[in-house]
Amino acid sequence: MISMLKLKTELSVLFIILSVALSQAQPSTAYMEKYNASMKRTEWFRKARFGMFIHYGVYAIPGRGEWVQSNERMSVEEYRKYVDAFVPSSYKPAAWASLAKEAGMQYAVMTAKHHDGFCLFDSKHTDYKISRNLPGRDFVKEYVEAFRAQGLKVGLYYSLIDWHHPDYPNVGNHPMRENKDWKNDKRNWDNYLNYMHSQIKELMTNYGKIDILWLDYSFDDYQGEKWKAKELIAMIRSLQPDIILNNRLVFNEGNSAQKRKFEGYGDFETPEMGIPEVPVVDIYDNPLPWETCLTLNNNWGFSFNDNEWKSPETIVNALVEVTSKGGNLLLNVGPEPQGTIPAPCQAVLKEVGVWMKANHESIYGCGKAELEKPVWGYFTQNGKALYAHWTNPKIGNINIKGYADRVESVTMLHDGKRAATATKWWGNEDAGNFFINLKEPIHFTYALPDKIDTVLKIVLKK
Ligand code: GLC
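Residues numbered from 1 in each chain as written. Predicted model: local features only at pLDDT ≥ 70, side-chain atom pairs only at ≥ 80, totals over all residues. Heavy atoms only, no water.

### Observations regarding unusual backbone geometry
Then, number 1: Residue Tyr217 follows Asp216 across a cis peptide bond; omega there is -15 degrees.
Then, number 2: Looking at where Tyr217 falls in the secondary structure, it is placed in the loop between β4 (212–216) and α10 (229–239).
Then, number 3: Residue Pro441 is reached from Glu440 by a cis peptide bond, and omega for that bond is -10 degrees.
Then, number 4: Backbone geometry at Asp220 places phi at a positive 40 degrees, although glycine is not the residue there.
Then, number 5: Structurally, Asp220 can be placed in the loop between β4 and α10. (Helix = DSSP H or I, 4+ residues; strand = E, 2+ residues; numbered from the N terminus.)

### Some remarks on the sheet that holds strand β3 (residues 153–159)
Then, number 1: Reading across from one edge, β5-β4-β3-β2-β1-β7-β6 is the order of the seven strands in this open sheet, with parallel pairing throughout. Lying at the two open borders of the sheet, with one neighbouring strand each, are β5 (244–245) and β6 (290–295).
Then, number 2: In the sheet, β4 pairs with β5 via two bridges, with the strands oriented parallel. In the sheet register, Leu213 faces β5, and the bridge partner there is Leu245. (Pairing = 2+ DSSP bridges.)

### Some words on the side chain of Asn133
Then, number 1: Relative to the elements of secondary structure, Asn133 occurs in helix α7 (residues 130–133).
Then, number 2: Asn133 gets classed as buried once you look at its relative accessible area, which sits at 15%.
Then, number 3: Polar contacts involving the side chain of Asn133 include one to the main-chain carbonyl oxygen of Val83, which spans 2.7 Å.
Then, number 4: Within the structure, the side chain of Asn133 is placed 2.7 Å from the side chain of Arg132, a separation counted as a polar contact.
Then, number 5: Not counting chain neighbours up to four residues away, the residues in contact with Asn133 comprise Val83, Asp84, Phe86 and Val87. (Buried < 20%, exposed > 50% of the residue type's maximum accessible area, 1.4 Å probe, protein only. Polar contact = N/O pair within 3.5 Å; in protein donor to acceptor, adjacent residues only side chain to side chain. Contact = heavy atoms within 4.5 Å.)

### Remarks on the packing of helix α9 (residues 189–205) against α10
Then, number 1: With their axes 9 Å apart at the nearest point, α9 and α10 run at an angle of 15 degrees to one another. Between α9 and α10, the angle is such that the two are roughly parallel. At the point where α9 passes α10, the crossing takes the right-handed sense. Along its contact with α9, which presents Met196, His197, Ile200, Lys201, Met204 and Thr205, the element α10 presents Glu231, Leu232, Met235, Ile236 and Leu239.
Then, number 2: Looking at the contact of α9 with α10 residue by residue, the classes come out as seven nonpolar, two polar and two charged. (Axes fitted to C-alpha atoms, helices over the stretch in contact; angles between N-to-C directions. Parallel < 35°, antiparallel > 145°, perpendicular 65-115°, else oblique. Left-handed = near helix turned anticlockwise from the far one by under 90°. Nonpolar A, V, L, I, M, F, W, Y, C, P; charged D, E, K, R; others polar.)

### Some remarks on the pattern of salt bridges
Then, number 1: Following the criterion strictly, the structure yields 16 salt bridges and no others.
Then, number 2: Between Lys113 and Asp162 there is a salt bridge; the shortest N-O distance is 2.8 Å. Of this pair, Lys113 sits in strand β2 (residues 107–113) while Asp162 sits in the loop between β3 and α9, placing them 49 residues apart in sequence.
Then, number 3: On the accessibility criterion, Asp162 (1% relative accessible area) is buried.
Then, number 4: Arg248 is paired through a salt bridge with Glu272; the nearest N and O atoms lie 2.9 Å apart. Highlighted residues: Arg248 in the loop between β5 and β6 and Glu272 in the loop between β5 and β6, separated in sequence by 24 residues.
Then, number 5: With a relative accessible area of 33%, Glu272 lands in the partly exposed category.
Then, number 6: Here the salt bridges share partners, and the residues they tie into one network are Arg41, Arg237 and Asp267. (Salt bridge = Lys/Arg side-chain N within 4 Å of Asp/Glu carboxyl O.)

### Looking at the domain arrangement of the chain
It is common to give the size of an interface as the accessible area lost on bringing the parts into contact.
Then, number 1: Domain parsing of the chain yields domain 1 (29–362) and domain 2 (377–460).
Then, number 2: Computed from C-alpha atoms alone, the centre-to-centre distance between domain 1 and domain 2 is 39 Å.
Then, number 3: Across the contact, 13 residues belong to domain 1 and 14 residues belong to domain 2.
Then, number 4: The interface formed by domain 1 and domain 2 holds one salt bridge in total.
Then, number 5: Residue Glu361 pairs with Lys457 through a salt bridge whose shortest N-O separation is 2.8 Å.
Then, number 6: Broken down by secondary-structure element, the contributors of at least two residues to the side of domain 1 that touches domain 2 are α11 (312–324) and α12 (343–359).
Then, number 7: No other element matches the eight residues that α11 contributes to the side of domain 1 that touches domain 2.
Then, number 8: In terms of residue class, the side of domain 1 that touches domain 2 is made up of five nonpolar, five polar and three charged. (Domains from an automatic or database assignment.)

Structure follows, in structure tokens:
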């Protein structure tokens, strides 16, 4: 009995010592150097907050999402009818770029090659590319030019996985996973790696300054050094020193992005189809840049039957929420076969743009605020400017307790008019109150002028 007790006590002492040691663990100088370099690279990105993801390719023809080849277990031969039919002579990325601009987006990421292996760029290393169907065309070149012309930053998505390359093995969700004759002993992994590295080199060499490289994705053993990631990153950075890389050269469970060890494999985390509960940090609690990627309906690639479009309100809310947690939103569009962005999707983006036109100041350059999330909405902050995003209609006014002496001015962001403020309100006299309402008298309830999100700009004293 006594020895059991003693053992228990010793174990708990050991546990306490261990936890203290762990909580005091300091990052090494080398770690911090890498981290700081990455923070410097991502400076513009963390200010931009809002980007357009574009999933465009052969899969727009069947119109059942970009995974159609895998979902329907199609061989390369079976997929060929779609490849042959992909002749988008009316492809005009300038229309995408002006829509992105109108929506208030600051950058874009387009699929140069998705998992099906078909390239939208003029690669020397394959004939499986757009110029096979439209001689002389290079859709990546046309895309980067169109987006740059609108003053937007340009990013490229490149799939690490390739369902077309003969040396890419039958692993993971390969379309041939149930085909017993499709064996791996004929595959030469080094050949594939060589192909993949060479194509990325082309993308890093032939299109001028590329701002983001979005690699997708790692799974099981297919991660990190299996892709020769260090060599790959060294090559990428030697050609594009300022480029920002996502984190998918390593496998991240569910892409949930919490307490990540920043391994230098990428500059930002990529939670998919969800917003992290709290701002993403590394194991030492340093903030990590992150970007939620989100579809506007429920598919990345064009899908005939998917008409579940998110509302402008949902999108603005998502954008405000990610900003309030120090993250970005990469919002997807899946153009139709000829390259047109579906009309309902355009309509949502345009409405988001109306809100952004009046309120972008509360998004760009903003991040997590010094105040916790209020019940009536969100806070974002940029230095002395605190933005109250009043999203939920609420009785009376909002109270920012303890701020009475700290506020210089409160205005409505969309029209610059002064909001009403007071430290006392009938029935609520305790000290430290700072009530804000849209107009006088302070104790009435008014309809919020912007049903989506009415933003109040609170300028703080030094
Ligand atoms: C996943 C999917 C892919 C999509 C991507 C976007 O990795 O495989 O189809 O492009 O997520 O984040």
